[in-house]
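What follows is each chain in one-letter form.
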There are 4 protein chains.
Amino acid sequence: MQEEKPPRREREKLRQRQEMLAVALNLFSEKGYHNVSMHEVAERAEFAIGTLYKFFRNKEDLYKALIMEMAAEYHNALSSVLSRQGDILTILNDYISAKMGIFDGNLATLRLYFAETRGASFNIKAGLDKDIRKLYDKLVRQLALTLKKGIRENVLRKKDPYYMAVALEGITNAFLFYGLEDPDRHSYEANVSLIRDMFFKGVLAK
Amino acid sequence: MQEEKPPRREREKLRQRQEMLAVALNLFSEKGYHNVSMHEVAERAEFAIGTLYKFFRNKEDLYKALIMEMAAEYHNALSSVLSRQGDILTILNDYISAKMGIFDGNLATLRLYFAETRGASFNIKAGLDKDIRKLYDKLVRQLALTLKKGIRENVLRKKDPYYMAVALEGITNAFLFYGLEDPDRHSYEANVSLIRDMFFKGVLAK
Amino acid sequence: MQEEKPPRREREKLRQRQEMLAVALNLFSEKGYHNVSMHEVAERAEFAIGTLYKFFRNKEDLYKALIMEMAAEYHNALSSVLSRQGDILTILNDYISAKMGIFDGNLATLRLYFAETRGASFNIKAGLDKDIRKLYDKLVRQLALTLKKGIRENVLRKKDPYYMAVALEGITNAFLFYGLEDPDRHSYEANVSLIRDMFFKGVLAK
Amino acid sequence: MQEEKPPRREREKLRQRQEMLAVALNLFSEKGYHNVSMHEVAERAEFAIGTLYKFFRNKEDLYKALIMEMAAEYHNALSSVLSRQGDILTILNDYISAKMGIFDGNLATLRLYFAETRGASFNIKAGLDKDIRKLYDKLVRQLALTLKKGIRENVLRKKDPYYMAVALEGITNAFLFYGLEDPDRHSYEANVSLIRDMFFKGVLAK
DNA sequence: CATGAATGAGGGTTCATTCAT
DNA sequence: AATGAATGAACCCTCATTCAT
């Protein structure tokens, strides 16, 4: 009665793939792409090097898969927040909370993510970053749409919503980044509330 | 009357060094540290490989010199703006203009600078980034001091000045970054005015 | 019935290692450590350079393995002669024969061995020679113990046995060395008998 | 009144050459031929690298000059002892004393000399050692002639004088070598008397 | 089908030597 | 005549990738 062999096999394969990706995430995040060898990944994941190459055509492929799956998960989560119906300010508040929350306690992901979206992917290979930048830009544009709705509803000031989105991304990233550098500086909730306050009201007195 | 031989030699040496650094800046920024070989740098700079090594003890040394000199120049410029006497808002406006202006038309520098300060230096070598992070943090703290003065003078709201500084850095970096990605999206002056507006007044209507 | 796969693999590996060491021995002995490149060793052994590095961590490691295994074999052989029970003079005669015999028709080994024990290892790397010197000194001391027994039994004159050992080593080495320089000067047996005669009776008439 | 310019110039040149050779001797002896660079020699001797090359065509030339001048001095000294008229045993005693005395307190020379004559010159360059070996062999042959005379005069036993010479060289070298390894083991005079005793009378009791 | 031994291109670095000043 | 900046061949070593078992 081994009627369901394929699914089991399938599941097993997936599990192995996840294991490899998890190991790669930690190693890349810790030491950087070029300071991690394929042998190291294989060894830490307890697979033979050949097996690793069965799953990923080459090192770049492994890296790309890692980044893209990570990014997809992240963007889906945030995108779903932005797709909610209801009060604009609630949505934006939720967006900020969600973004800050995702990386909370997830340093490895955060580090790699920044490396890719904030400027250093060229350290790895030209062109590898095109796809993820596109994904990221899609999210920013979706955020801009939400902001635009806020403007139409007179909740937000009449400013270019795309640049508003860029500004919000900038502030949240900056706080994430400082949390990364100095993990115990502030609690995640405190940061969330600071970001909201600053983004919505600005810094000017009165 | 060739009494000043040393200075000429000295100047010549400096010129060569600058030439090497310029080539390295472009290559590193274009292809990433690990995808540029010392031979490539030497060849593009039209020196023999041995000559390159006369100026920089090794590849890391070359990279570090490049980053640190770039950062020092940048930080000195901004630091001097923050040190000016006078109206807080003027100083902050000048700071934003200066920061945006420095990288205007200086993509290679900007890319490398971001790679180092915004997360990807671990792709190169652990420890290489300590110094520049320190430099950067010093600047943020100086910015925070200026903001603090603004708070005392009741020009700015009573918020933690360090986090205000972080937010300002986040917004400016985000705009720099988007300019980097898509160079013709907006003029530098437009960006400057957008940043000021958003940072000072926030996005909320009324 | 191929139940014993590991041993076959093991044997194969050992054979390869021996092959590499043999090639290295000949090359180092012929041209000297610094005039032999790892590529040359790999090529002559008909392996890829990477394979060579799988067996020896680096050039020094290869050299050290070569010297130490050579020395261990040599010292074990001589040590076992000295450990025999029985007549002192027989033991000493056997020692001389064994020492002369070992290097007979083994020029490459002899050359390297002398290079290491007789003064030139500093040409390679400080510290590499500590271990082998220790090994050699152990043998000299063991020889001294045998001589001491000969003194106690009144077979040998009452002289410091360590210096007697040094003298015997000196004479045998000198003959080995001259055989090395000029291989056809004398047969190995003739040298053995000359050494015995000279060492035991001295050169003075009457 | 500068009538004697050439001689002064000449003398000055010679002094510089000696200085370079002295520095080279110390460096080569300390670190080995291949671990000393021409720049290092030039720097320690406080000359420009170009000047060093004015005196010695290349590194090998420097090394060869060093070895040959050292050897010539050494061999002249010993040769003159062997050329003396008089009692054979006195001459041999003087020879042993002279040989041991030459290297006493002259470790650097001793080390290099052994490296060259006792087996390791091939570490440097094939062919470099031919000349010095010839020189050395000449000395051994001269020693053999002296011993032959001793045999004819019935002072020494009727053995092949060349091999007697080889044996004496072996013993003296061994003692020199042990003194080198462990400088405070024995005084030079004690060694000289041990060598004489052992070489002349052998080790057999009665 | 998984394995891991074998490959070799390519990279960082050194240093003997030259030659314009 | 002395200098030392410049050269580039050659070396040691790593690691992504392949393929026979």
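Conventions adopted
- Residues numbered from 1 in each chain as written.
- Chains lettered and ligands numbered in written order.
- Predicted model: local features only at pLDDT ≥ 70, side-chain atom pairs only at ≥ 80, totals over all residues.
- Heavy atoms only, no water.
- Helix = DSSP H or I, 4+ residues; strand = E, 2+ residues; numbered from the N terminus.
- Near = heavy atom within 4 Å.
- Polar contact = N/O pair within 3.5 Å; in protein donor to acceptor, adjacent residues only side chain to side chain.
- Nonpolar A, V, L, I, M, F, W, Y, C, P; charged D, E, K, R; others polar.
- Phe/Tyr/Trp six-rings, centres within 6.5 Å; stacked < 30°, edge-to-face > 60°.
- Buried < 20%, exposed > 50% of the residue type's maximum accessible area, 1.4 Å probe, protein only.
- Lys NZ or Arg CZ within 6 Å of the ring centre and 35° of its normal.
- Least-squares fit on C-alpha atoms with pLDDT ≥ 70 in both.
- Contact = heavy atoms within 4.5 Å.
- Axes fitted to C-alpha atoms, helices over the stretch in contact; angles between N-to-C directions.
- Parallel < 35°, antiparallel > 145°, perpendicular 65-115°, else oblique.
- Left-handed = near helix turned anticlockwise from the far one by under 90°.
- Expected span 1.5 Å × (residues − 1).
- Buried area = accessible area lost by both parts, 1.4 Å probe.
- Salt bridge = Lys/Arg side-chain N within 4 Å of Asp/Glu carboxyl O.

J.: Where do I start with unusual backbone geometry in this structure?
T.: Glycine aside, a negative phi is what most residues show, and trans is what most peptide bonds show. Unusually for a residue other than glycine, Glu46(A) sits at a positive phi of about 60°. As for its placement among the helices and strands, Glu46(A) is situated in the loop between helix H2 (38–44) and helix H3 (49–55).

J.: Would you explain the protein's contact with DNA strand E in this entry?
T.: Taken together, 29 residues lie around DNA strand E, and Thr51(A), Lys59(B), Gln16(C), Thr51(C) and Met38(D) are the ones closest in. One of the side-chain nitrogen or oxygen atoms of Tyr53(B) is found 2.8 Å away from a phosphate oxygen of DNA strand E. Between a phosphate oxygen of DNA strand E and a main-chain N or O atom of Met38(D), the distance comes to 2.7 Å. Where the surface near DNA strand E is concerned, the elements lending two or more residues are H3 of chain A, helix H2 (38–45) and helix H3 (49–55) of chain B, helix H3 (49–55) of chain C together with helix H2 (38–45) and helix H3 (49–55) of chain D. The element contributing the most residues to the surface near DNA strand E is H3(C), with 4 residues. Partitioning the surface near DNA strand E into residue classes produces 13 nonpolar, 13 polar and 3 charged.

J.: I keep staring at the packing of aromatic side chains and nothing clicks. Help me out?
T.: Following the criterion strictly, the structure yields 34 aromatic pairs over all chains and no others. Considering the side-chain rings of Phe175(A) and Tyr163(B), the 5.5 Å spacing of their centres and the 20° angle between planes classify their relative orientation as stacked. Here Phe175(A) is found in helix H8 (residues 161–181), whereas its partner Tyr163(B) is found in helix H8 (residues 161–181) on a different chain. The exposure class of Tyr163(B) is buried, given its relative accessible area of 5%. Plain terms: the ring middles of Phe28(D) and Tyr63(D) are 5.5 Å apart, the flat faces sit at 75° to each other, and that makes the pair edge-to-face. A residue pair is termed long-range when its members are at least 10 positions apart, and Phe28(D) in helix H1 (residues 5–31) and Tyr63(D) in helix H4 (residues 59–82) qualify at 35 residues. By the ring-pair criterion, three or more aromatic residues cluster together here, those being Tyr74(B), Phe103(B), Tyr113(B) and Tyr136(B). Stacked on the ring of Phe55(A), the Lys or Arg Lys13(A) has its end atom at 5.3 Å from the ring centre.

J.: Teacher, can you tell me more about the relation of the copies chain B and chain A here?
T.: Two copies of one chain are present, and they are related through a rotation about an axis combined with an axial shift. By a simple turn and slide, chain B fits onto chain A: the slide is 0.0 Å along the axis, the RMSD is 0.3 Å, and the turn is 178°. When the rotation and shift are considered jointly, the pair of chain copies conforms to a two-fold rotation axis. Taken as a fraction of all interface residues of chain B, those also at the interface in chain A reach 98%, which identifies the copy contact as same-surface.

J.: Looking at this structure, I do not really get the packing of H4(D) against helix H5 (residues 88–103) of chain D. What am I missing?
T.: Packed helix pairs are characterised by how far apart their axes lie and by the angle those axes make with each other. All names here are of chain D. At a closest axis distance of 9 Å, the pairing of H4 and H5 adopts a crossing angle of 165°. Judged by the angle between their axes, H4 and H5 are roughly antiparallel. The hand of the H4/H5 crossing is right-handed. On H5, the residues touching Tyr74, Ala77, Leu78, Val81 and Leu82 of H4 are Ile91, Asp94, Tyr95, Ala98, Lys99, Ile102 and Phe103. Here the residues of the contact of H4 with H5 sort into 10 nonpolar, no polar and 2 charged.

J.: Just checking my understanding: could you explain the protein's contact with DNA strand F for this structure?
T.: As a matter of local geometry, DNA strand F sits amid 28 residues, with Met38(A), Gln16(B), Thr51(B), Lys59(C) and Thr51(D) nearest to it. In DNA strand F, the atoms that sit within 4 Å of the protein are 61% sugar and phosphate, with bases accounting for the remainder. Here Met38(A) contributes a backbone N or O atom positioned 2.7 Å from a phosphate oxygen of DNA strand F. With respect to DNA strand F, the side chain of Tyr53(A) contributes an N or O atom lying 3.2 Å from a phosphate oxygen. For the surface near DNA strand F, the elements supplying multiple residues, two or more each, are H2 and H3 of chain A, H3 of chain B, helix H2 (38–45) and H3 of chain C together with H3 of chain D.

J.: Mind showing me how you'd approach helix H4 (residues 59–82) of chain C here?
T.: An α-helical turn contains 3.6 residues, so any two residues separated by three or four positions project in the same direction. Given a rise of 1.5 Å per residue, 24 residues ought to cover 34 Å, and the 34 Å separating the end C-alpha atoms of H4(C) matches this to within 8%. Capping the start of H4(C) is the job of one residue whose side-chain oxygen sits 3.3 Å from the backbone nitrogen of Glu60(C): Asn58(C).

J.: I'm lost on the interface of chain D and chain C in this one. Help?
T.: Much of the literature gives interface size as the accessible area that the parts lose upon coming together. Taken together, the contact between chain D and chain C spans 55 residues of the former and 56 residues of the latter. Summed over both partners, the interface of chain D with chain C buries about 5000 Å², with 61% contributed by carbon and sulfur atoms. Summed over the shared surface of chain D and chain C, the result is 4 salt bridges. A salt bridge links Asp197(D) to Arg157(C); the shortest N-O distance between them is 2.7 Å. If you look at where chain D meets chain C, you find 12 residue pairs in polar contact (both at pLDDT 80 or more). Within the residue set of the side of chain D that touches chain C, elements represented by two or more residues are H1, helix H6 (107–117), helix H7 (130–152), helix H8 (161–181) and helix H9 (188–201) of chain D. With 13 residues, H8(D) is the largest single contributor of residues to the side of chain D that touches chain C. Each residue belonging to the side of chain D that touches chain C can be placed in one class, and the counts come to 30 nonpolar, 13 polar and 12 charged.

Honestly, it's all geometry; don't read function into it.
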